[in-house]
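# A structural walkthrough
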Amino acid sequence: MADILKIFLIILGILAVYVSYWLLAEALFPKLVERASQHYGKPLKITVIGLLAAAVPVVLGLVLANAPHPVLKVFGLTLAVTPVILGLGGSAGLTLRIGMGLPSPIDETQPWRRVLRGGVLLAFSFLLPIVGWIVLPLWVLVSGFGAFVLCVKEQRDERQVPANLVPANEAAG
């Protein structure tokens, strides 16, 4: 009985960590999560972008993690884990999108509850054997990283457009 309880609590803890990161992203970066949610309308695009953008830091990070010097190991592990953390932030957009599909009257006063509802549902979908253990979490992280990359690119592009180049109908609205 103790072994079963141990495994159950470990799994429950891992799922709670996912939901916690998604709520943290919503609390700290609500505009990013909103934009990431919009990017989940094109899941194939953000998945490909996430794969391409994550390949270099993960591979380089794993190479450096196997270096003999401890400073290089720490730097390598940090570099390899960075897309995962950013992918969790971007995948908060997916949880928001799921939560918006399950509206509640409380959403107007507490919009973070959308992320909580969507996050709990998404985390529970990770319980499905094989697909939920491997495929779905990896897709969520990769697509989340792709959504994050697109959000940052959009934000940078918006800052670079001078005000006099914005069409008059967009500037007014």
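Above: the structure in question.
Thresholds applied
Residues numbered from 1 in each chain as written. Predicted model: local features only at pLDDT ≥ 70, side-chain atom pairs only at ≥ 80, totals over all residues. Heavy atoms only, no water. Core = buried A, V, L, I, M, F, W, Y, C linked by side-chain atoms within 4.5 Å. Buried < 20%, exposed > 50% of the residue type's maximum accessible area, 1.4 Å probe, protein only. Helix = DSSP H or I, 4+ residues; strand = E, 2+ residues; numbered from the N terminus. Contact = heavy atoms within 4.5 Å. Patch = residues over 30% accessible without salt bridge, like charges linked within 9 Å, V, L, I, M, F, W, Y side chains within 5 Å. Areas by Shrake-Rupley, 256 points an atom, 1.4 Å probe, with all protein chains shown as cover. Salt bridge = Lys/Arg side-chain N within 4 Å of Asp/Glu carboxyl O. Axes fitted to C-alpha atoms, helices over the stretch in contact; angles between N-to-C directions. Parallel < 35°, antiparallel > 145°, perpendicular 65-115°, else oblique. Left-handed = near helix turned anticlockwise from the far one by under 90°. Phe/Tyr/Trp six-rings, centres within 6.5 Å; stacked < 30°, edge-to-face > 60°.

This paragraph deals with the nonpolar core. Counting 24 residues, the largest nonpolar core has Trp22, Leu122, Phe126 and Val140 as the members making the most contacts within it. Every element with two or more residues in this core is listed here: helix 1 (2-28), helix 2 (30-39), helix 4 (70-100), helix 5 (112-125) and helix 6 (131-160). Aside from chain neighbours lying at most four places away, what touches phenylalanine 126 is Leu15, Tyr18, Trp22, Gly132, Trp133, Leu136, Pro137 and Val140.

Right, let's talk about a nonpolar patch on the surface for a bit. There is a patch of nonpolar side chains on the surface, built from Val17, Tyr21, Leu24, Leu28, Phe29, Val81, Val84 and Ile85 and spanning about 690 Å² of accessible area. For the nonpolar patch, the secondary structure elements donating two or more residues are helix 1 and helix 4. For tyrosine 21, a relative accessible area of 33% corresponds to the partly exposed category.

The N-to-C vectors of helix 1 and helix 5 enclose an angle of 155°; their axes lie 9 Å apart at closest approach. Here helix 5 runs roughly antiparallel to helix 1, going by the angle between their axes. Where helix 1 crosses over helix 5, the two elements pack in a sense that is right-handed. Of the residues in helix 5, those touching helix 1 at Leu15, Val19, Trp22, Leu23 and Glu26 are Trp112, Val115, Leu116, Gly119, Val120, Leu122, Ala123 and Phe124.

A word on unusual backbone geometry. In this model, isoleucine 130 sits at a positive phi of 60°, which is unusual for a non-glycine residue. Looking at the secondary structure, you find isoleucine 130 in the loop between helix 5 and helix 6.

Scanning all chains against the criterion turns up five salt bridges. The salt bridge involving arginine 114 is made with aspartate 107; its shortest N-O contact spans 3.6 Å. Each member of the pair, arginine 114 together with aspartate 107, is buried. With a shortest N-O distance of 3.1 Å, aspartate 157 and lysine 153 are connected by a salt bridge. Of this pair, aspartate 157 and lysine 153 both sit in helix 6, separated by four residues, roughly a single helical turn. What emerges from the salt-bridge pattern is a single network uniting Asp107, Glu108, Arg114 and Arg117.

Once that is clear, we can look at the side chain of serine 37. Along the polypeptide, serine 37 turns up in helix 2. Among residues more than four places away in sequence, those in contact with serine 37 are Gly93, Leu96 and Arg97.

Right, let's talk about the packing of aromatic side chains for a bit. Applying the stated criterion across every chain yields a total of four aromatic pairs. When the ring of tyrosine 18 is compared with that of phenylalanine 126, the centres are 5.0 Å apart and the planes differ by 70°; the resulting orientation is edge-to-face. Remark: phenylalanine 126 occurs in the loop between helix 5 and helix 6 and tyrosine 18 occurs in helix 1; sequence separation between them is 108 residues. In this pair, the class of tyrosine 18 matches that of phenylalanine 126, namely buried. Aromatic pair tyrosine 40 and tryptophan 139: ring centres 6.0 Å apart, planes at 75°, arrangement edge-to-face. Of the two residues, tyrosine 40 is situated in the loop between helix 2 and helix 3 (43-65) and tryptophan 139 in helix 6; the sequence distance between them amounts to 99 residues. Its relative accessible area of 5% is what places tyrosine 40 among the buried residues. Three or more aromatic residues joined by ring pairs make a cluster, and in this case those are Tyr18, Trp22 and Phe126.

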